[in-house]
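Structural overview
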Amino acid sequence: GRLENELKRGLGRDELRVVYQPIMALGEGRVVGFEALLRWQHPEHGLLEPGAFLDVAEDCGLMLDIDRWVLREACVQLRRWQQESPHAPPLTLNVNFSARHFAAPGVYEQVRGVLADTGFPPARLNLEITESALLARPEAIGQTLEQLRALGVRLHLDDFGTGYSSLGYLHAYPLDTLKIDRSFVQGMLTSPSSAELVRTIIAMAKNMKMRVVAEGIEETRHLDALRGLGCDYGQGYLFARPLGAEEARAFARAH
Ligand code: G
Ligand code: G
Ligand code: MN
Ligand code: NA
């Protein structure tokens, strides 16, 4: 289709962008890192969010190329910040990989190659994986995840609670962090069942020695409630929207 052709052309023409949303340590209100998020600067339609084109990218087989591009771009960017401010606390980088990506051949080698090329430390890279990826190709994925983990890369389970959440995943794969989906965070003040779910996820993660990142924190009341439950990390519009590289860097310096 038309969007497909435009996307192929756009990739070659430098129309893709990465924006960076801060991830905060909720206790101290300090930036610990950034989630890299994809945007497409479309020549006619303006800045497009992934919802507008990720399905097309998946369908026409461009998703892996795009994910790889985002990984490289963001590693280069964060490495540059670190080199320019060598005494600043090191920042972690979260990158989203599509479900299919983790099952693709050679993913481990590619990630290792990007880390080696860019000099970004593997232990500061967090790859975000969705539950649907774990559901899709469990065997191929298990080995890839173990290899990535052995390299030092950490694995964060994205949108936790929205998919086919199976507690079996948490034992079967070397996952470090659960990202609580924003629908539960946003529901927790008004819906007792959302609040209970958030409480339960945090308690379970602690028992399993996993970390928790709450997504979609928009109000101080969300932040207070999450702190009260012992949630360590979070992100959301209360702190910052996804920011361009320069703004993100300024935010990190100020926080
Ligand atoms: O940035 P935004 O809130 O519009 O992101 C919407 C969705 O797109 C999120 O679920 C996010 O995980 C996904 N997404 C953003 N950037 C990337 C990317 O680089 N690769 C993949 N596979 N998904 C992304
Ligand atoms: O699925 P994933 O968690 O990767 O999605 C990240 C998406 O969530 C990004 O598109 C980002 O723009 C969006 N996002 C980040 N913080 C907030 C928030 O506080 N509220 C809402 N509604 N969306 C957010
Ligand atoms: Mn994510
Ligand atoms: Na999410």
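In the nomenclature of an unreviewed UniProt entry, the protein is known as Bifunctional diguanylate cyclase/phosphodiesterase of Deinococcus petrolearius.

1. Describing the site of ligand 1
Leu37, Leu38, Glu49, Pro50, Gly51, Leu54, Asp67, Val70, Asn96, Phe97, Ser98 and Pro242 make up every residue found near ligand 1. Across the shell around ligand 1, the residue classes tally to seven nonpolar, three polar and two charged.

2. Section: the site of ligand 2
Taken together, the neighbourhood of ligand 2 is formed by 14 residues, with Gly216, Glu218, Gly236, Tyr237 and Pro242 sitting nearest. Across the shell around ligand 2, the residue classes tally to four nonpolar, five polar and five charged.

3. Considerations on the confidence of the model for the protein
Of the residues in the protein, 100% have a pLDDT of 70 or more, and the chain-wide mean is 94. Predicted as a complex, the structure gets a pTM of 0.96 and an ipTM equal to 0.95.

4. Some words on the environment of tyrosine 173
Position of tyrosine 173 relative to the elements: it lies in the loop between helix H8 (167–172) and strand E7 (177–180). The spacing of tyrosine 173 and leucine 145 is 28 residues in sequence and 7.1 Å in space, taken between C-alpha atoms. Discounting chain neighbours no more than four positions away, the residues touching tyrosine 173 are Leu134, Gly142 and Leu145.

5. Quick word on the packing of helix H5 (residues 107–118) against helix H7 (residues 138–151)
Running from N to C, H5 and H7 cross one another at 20°; their axes reach a closest spacing of 9 Å. Classed by the angle they form, the pair H5 and H7 counts as roughly parallel. Here the hand of the crossing between H5 and H7 comes out right-handed. Between H5, through Val107, Tyr108, Val111 and Arg112, and H7, the contact on the second element is made entirely by Thr144, Gln147, Leu148 and Leu151. Residues of the contact of H5 with H7, tallied by class, amount to five nonpolar, two polar and one charged.

6. What about helix H10 (residues 192–207)?
End to end, H10 covers 22 Å across 16 residues, agreeing with the expected 22 Å (1.5 Å per residue, within 8%). Every buried residue of H10 is listed here: Leu197, Val198, Ile201, Ile202 and Ala205. Down the axis, H10 shows its buried residues gathered within 130° of arc, on one side only. In H10, those exposed residues whose orientation departs by more than 90 degrees from the buried face are Pro192, Ser193, Glu196, Thr200 and Asn207. Where H10 is buried, its residues meet strand E6 (154–160), E7, helix H9 (182–187) and strand E8 (211–214).

7. Structural notes on the pairing of E6
By the criterion of burial, E6 is predominantly enclosed, with seven of the seven residues buried. The pairing of strand E5 (residues 125–130) with E6 spans five bridges and is classified as parallel. From the neighbouring strand, asparagine 126 faces E6, where its bridge partner is arginine 154. For E6 and E7, the ladder comprises three bridges, and the chain directions are parallel. Paired with leucine 157 across the two strands is leucine 178, which belongs to E7.

8. So, the nonpolar core
Ranked by size, the top nonpolar core spans 65 residues in total, and within it Leu93, Ile180, Ile201 and Val212 carry the most contacts. Apart from residues no more than four positions distant in its own chain, valine 212 is found in contact with Thr177, Leu178, Ile180, Ile201, Ile202, Ala205, Cys231, Asp232 and Tyr233.

9. Digging into the pairing of E5
Taken residue by residue, a regular strand's side chains alternate between the two faces of the sheet. Most of E5 sits out of view: six of its six residues are buried. Burial along E5 is two-sided: the face carrying Leu125, Leu127 and Ile129 and the face carrying Asn126, Glu128 and Thr130 are both buried. In terms of strand pairing, strand E4 (residues 92–96) meets E5 through four bridges, oriented parallel. When the sheet's bridge partners are listed, asparagine 96 is paired in E5 with glutamate 128.

Definitions and cut-offs
Residues numbered from 1 in each chain as written. Chains lettered and ligands numbered in written order. Predicted model: local features only at pLDDT ≥ 70, side-chain atom pairs only at ≥ 80, totals over all residues. Near = placed C-beta within 6 Å. Nonpolar A, V, L, I, M, F, W, Y, C, P; charged D, E, K, R; others polar. pLDDT = per-residue confidence, 0-100. Helix = DSSP H or I, 4+ residues; strand = E, 2+ residues; numbered from the N terminus. Contact = placed C-beta atoms within 7 Å. Axes fitted to C-alpha atoms, helices over the stretch in contact; angles between N-to-C directions. Parallel < 35°, antiparallel > 145°, perpendicular 65-115°, else oblique. Left-handed = near helix turned anticlockwise from the far one by under 90°. Expected span 1.5 Å × (residues − 1). Buried ≥ 20, exposed ≤ 12 C-beta atoms within 10 Å, placed from the backbone. Arc of directions from axis to C-beta. Pairing = 2+ DSSP bridges. Core = buried A, V, L, I, M, F, W, Y, C linked by C-beta atoms within 7 Å.

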